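Reading the structure
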Amino acid sequence: MKKYLLLSLIVIITTTNQTLAQNKKEIDVKYGQFTQLPRQDNDMKKWRENRFGQFIHWGLYAIPGGVWEGKTYPGAAEWLKSFAKINQQSWDSLQYQFNPKKFNPTEWAKMAKNMGVKYVTITTKHHEGFCLWPSKFTDFDIEATPYKKDLLGEFVEAYNKEGIDVNFYYSVLDWHHPDWRYKIDSEEDKIAFQRLLKYTENQLLELIERYPSVKGFWFDGTWDQSWKDNGEFSYNLEKKMKALSPGLIVNSRMRADEYGSRHFDSNGVLMGDYESGYERRLPASWDIKVTENDWECCMTIPYNQWGYHKDWSISHIKSTYELLEMLVQCTSQNGNFLLNFGPKGDGSFRKEEAKISKEIGSWIKANGAAIYGCEYAGLEKQSWGYYTKPKGSNIINMVIFNEPISGEYRVKLKKGQLIKNAYSLSKKNKSIKVVEVAKQEYLIKIKKTKGDEPFVIVLELEKKDSKKLHQKALT
Ligand code: FHN
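Here the structure is a predicted model, which is why all the values come from computation and not from measurement.

1. So, the packing of aromatic side chains
Aromatic ring pairs are described here by two measures, namely the spacing of the ring centres and the angle between the planes. Tallying each qualifying case throughout the model produces 33 aromatic pairs. Taken together, the ring pairs in this structure connect W58, F98, F103, W108, F130, F140, Y147, F155, Y159, F341 and F349 into an aromatic cluster. Across from the ring centre of W312, 3.9 Å away, lies the NZ or CZ of R350, which sits over that ring. Across from the ring centre of Y386, 4.3 Å away, lies the NZ or CZ of K381, which sits over that ring.

This is the structure in C-alpha cells:
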C-alpha cells in the first residue's frame, strides 16, 4: 500500500512539472544566440584554460591622467572628458600630444608573461573614439599623432611573440564621431546612426583583416537605446566577424536581441560566447549556475580607475593577495580573471602596477598548477579558501587563503571520492597527514606556516571504493 502511494506521488509530481514546463511560453527570438553553448572548439577550450588575462586601457586620457586645468577629478580617468565637461576640440587636440616615447612593446609583453597572464585585452578604441591603429575610416587615430607608427601592430606582434593571446576591446559608444546618437529621435538621427553602424562594421572587419591573429573582441559602450534598437545589425555583425575569423570569441556585451535584451536574450539564453557582466565584482553566490556559462570578471586595482590616473591616493588600492584571491575564486567557479592596467601617456607603467605584476608573477610561478586549465571541483566553498580541479584529472587543489588556528582543514568530498595522497604543491614528495573523520570527510593536518602567503595543498584521489586500498594509502 505504502509503495503504491509513493508511486502515485511520483507520477503526480512528474506530470505537474511537465505541465509547468509546457506552460512556460518561450518568446520567439530571431536575433538571439546562434551558437550552441558552452562552445567546445579548441579556441574556446584554450580561452578557458588560460584563466588569467591582462586588461589594458590606453588612449588619449592617459595624458591628462584625471587632471584638467589644475583640477583633479576623482572619477575614472578615461571618463574625464565627460566629468570635466571638456569641449570636443580641446580633447581631440590631445591627439597631437600623444607620443609615448617610453613605449616598449617587448618590455610590456615580457612583464605580462612574467606576471603569468595567458591573454591580453587592449582598448583599440575607448569611448573617446581615438584609435590605436591607423584606421582607413578616421583621422582620429595613431597615424595623425606625433608617434605616427602602428602602435597596435607593434603591440600584437610583441605579445604574440611571448605566446600571449591578444583580444581587442572596442567601444561602440563614440564621443568623437559626429554620427553617434544615444537614441534615435528623428529621421535625421536614424540616417546618421546608420552611418555610425557602417563605420563600426568597417572598423571591426578592418581590425580582423589587419591583425589576423586576434583571438577575440571585447565589446563595450553598448548600453544605449540606439544600439539596443539595432539587434538585427549586431546579430549579423557577429556572424560576419566570425565568418572572417572562425574561432573568434566575442563577449556577451556585444549584442542586444530585437526586444533590446542585452547579455542574455529574451529567453534568458546567453549571447556571445561568455558572460562579461562581472565588472569590478565577483559572483555573489556559490550557486552552481555561475558555472553553467563561460564567464570572465574584469577588475581594477584601485576602486574604479581603468585608464591612467595620476592620483591613486583617492581610493583603496587592492593588494597582491587580494587580487590573487579573486583570480583563484574565478578559477574555482569556472571563470576567467582579467586584471586591468592603465599605462601612462609616455608608455611606461606606474610603479604600483609594476610591483603588483611582479608579485603576482612570483606566486603564480610556484602555484600556477592550481589555476591554468583548472575548473570548478564540484565541492562547496570552505572557510579556509577554494577548491580548484585540473580538468579531467584525479586531483583536487586546496588553495589556502585563511589558515585555521587548529591547523586542521576539513575536507568533505563527494560519494566515491577517496583521498589517496595529500601533499603541498611546494613539497611534492612529502605526504601530509590525512585523518578520515566520517565517510568522505577528512581532516588534513598541516604545520602552521608563517601565514604570509597563500599556498596550495594537492589531494590525489582514488576513485575505487576499496577500504583496504584506502587504509593503505593513508598510512
Ligand atoms: O565605461 C567603461 C569603463 O571606462 C571601462 O572601460 C569598463 C571596463 O569594463 N567598461 C565601461 C563600463 O562598463
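2. So, the packing of helix 5 (residues 105-115) against helix 6 (residues 151-161)
If you want to describe how two helices pack, look at the angle between their axes and the distance between the axes. Packing of helix 5 against helix 6 brings their axes to within 8 Å, and their N-to-C directions diverge by 40°. One finds that helix 5 runs oblique with respect to helix 6. By crossing handedness, the relation of helix 5 to helix 6 is classed as right-handed. Residues P105, T106, W108, A109 and A112 of helix 5 form the contact with helix 6, whose own contacting residues are E154, F155, A158 and Y159. A class-by-class count of the residues in the contact of helix 5 with helix 6 yields seven nonpolar, one polar and one charged.

3. Comments concerning the site of the ligand
The full set close to the ligand counts 13 residues, and H57, E78, H127, D220 and E279 are the nearest of them. Here an oxygen atom of the ligand sits 2.6 Å away from a polar atom, N or O, in the side chain of E78. H127 has a polar side-chain atom sitting 2.7 Å from an oxygen atom of the ligand. The fraction of the free accessible surface of the ligand (330 Å²) that becomes covered by protein chains is 90%. Broken down by class, the residue content of the shell around the ligand amounts to six nonpolar, three polar and four charged.

4. Points about unusual backbone geometry
At the junction of L37 and P38, the peptide bond is cis and its omega measures out at -10° in the coordinates. Among the secondary structure elements, P38 is positioned in the loop between helix 1 (2-23) and helix 2 (42-50). Here E69, not a glycine, exhibits a phi torsion of approximately 50°, which is positive. With respect to the element layout, E69 can be found in the loop between strand 2 (67-68) and strand 3 (71-72). The class for E69 is exposed, based on a relative accessible area of 77%.

5. Quick word on the sheet that holds strand 12 (residues 385-390)
Pairing in this open sheet of six strands is antiparallel, and the strands run 11-12-13-19-15-16 from one edge to the other. Pairing within the sheet leaves two strands with one partner each, and these edge strands are strand 11 (374-375) and strand 16 (427-431). Running over the sheet, helix 10 (residues 320-332) touches strand 11, strand 12 and strand 13 (395-400) and is turned about 50° from strand 12.

6. Examining the pairing of strand 9 (residues 295-299)
Among the five residues in strand 9, five count as buried, and that is most of the element. Burial along strand 9 is two-sided: W295, C297 and M299 facing one way and E296 and C298 facing the other are all buried. Taken together, the three bridges between strand 8 (residues 275-279) and strand 9 define a ladder with parallel strand orientation. Note on strand 9: the bridge partner recorded for E279 is C298. The pairing of strand 9 with strand 10 (residues 335-341) spans five bridges and is parallel. Looking across to strand 10, one finds that E296 is bridged to N336. In this fold, the crossover linking strand 9 to strand 10 by way of helix 10 has right-handed handedness.

7. Brief notes about the layout of surface pockets
By volume, the largest pocket amounts to about 610 Å³. S424, S426, K427, I446 and T449 are the residues nearest the centre of the largest pocket, which is lined by 23 residues in total. Mapped by element, the contributors of at least two residues to the lining of the largest pocket are helix 11 (351-367), strand 16 and strand 19 (455-462). Each residue belonging to the lining of the largest pocket can be placed in one class, and the counts come to eight nonpolar, six polar and nine charged.

8. Looking at the domain arrangement of the protein
For the protein, the assigned domains are domain 1 (42-372) and domain 2 (377-474). Distance from the C-alpha centre of domain 1 to the C-alpha centre of domain 2: 38 Å. Taken together, the 13 residues of domain 1 in the interface contact 13 residues of domain 2. Taken together, both faces of the contact between domain 1 and domain 2 bury some 1,200 Å²; the carbon and sulfur share is 68%. Taken together, domain 1 and domain 2 are joined by zero salt bridges.

Quick notes on the rules
Throughout this document, residue positions are counted from 1 along each chain, in the order its sequence is written. Given that the model is predicted, a residue must reach a pLDDT of at least 70 before its local features are reported, and side-chain atom pairs must reach 80 or more before they are shown or counted; all residues, however, enter totals for whole chains, interfaces and linings. Side-chain metrics rest on all non-hydrogen atoms present in the structure, leaving aside hydrogens and water. Between rings of Phe, Tyr and Trp, where Trp is taken as its six-membered ring, a pair exists when centres lie within 6.5 Å; planes separated by under 30 degrees are stacked, by over 60 edge-to-face, and by other angles tilted. Two conditions define a charge sitting above a ring: the NZ of Lys or the CZ of Arg must be within 6 Å of the ring centre, and it must be within 35 degrees of the ring normal. With axes taken as lines fitted to C-alpha atoms, and helix axes fitted only over the stretch in contact, angles between N-to-C directions fall between 0 and 180 degrees. We count a stretch as a helix when DSSP gives it H or I for four or more residues in a row; a strand needs E for two or more, and each element gets its number in order from the N terminus. Angles are sorted into four bins: roughly parallel if under 35 degrees, roughly antiparallel if over 145, roughly perpendicular if 65 to 115, and oblique for all others. Each crossing gets its hand from how the near helix is turned against the far one by less than a right angle, where anticlockwise is left-handed and clockwise is right-handed. Should any heavy atoms of two residues lie within 4.5 Å, those residues are counted as being in contact. Asp, Glu, Lys and Arg are counted as charged, while Ala, Val, Leu, Ile, Met, Phe, Trp, Tyr, Cys and Pro are counted as nonpolar; the rest, among them Gly, fall into the polar class. It suffices for a single heavy atom of a residue to lie within 4 Å of a molecule or strand for the residue to be listed as near it. Polar contact criterion, stated in full: a pair of N or O atoms within 3.5 Å, where within protein one must be able to donate a hydrogen and the other to accept it, and residues adjacent in sequence count only if both atoms are side-chain atoms. Computed with a 1.4 Å probe, the accessible areas rest on the Shrake-Rupley method; for each residue, only the protein chains presented here act as cover. We call a residue buried when its accessible area falls under 20% of the maximum for its residue type, exposed when it is over 50%, and partly exposed in between, using a 1.4 Å probe and counting protein chains only. In this description, strands pair whenever DSSP reports at least two bridges between them. Handedness is read with the strands pointing away from the viewer; a crossover is right-handed when the path from the first strand over the helix to the second is clockwise. Detection works on a 1 Å grid of protein atoms alone, calling trapped sets that fit a 1.4 Å probe cavities and calling open sets with protein on both sides within 12 Å along at least five of seven lines pockets, with lining residues defined by an atom within 4 Å of a point. Grid points are joined across faces, edges and corners, and a volume is the space filled by probe spheres set on the points. Domain start and stop points were drawn from an automatic or database domain assignment. Here the quantity called buried area is the accessible surface, traced with a 1.4 Å probe, that two parts lose on coming together, added over both. Here, a salt bridge means any side-chain nitrogen of Lys or Arg that lies within 4 Å of a carboxyl oxygen of Asp or Glu.

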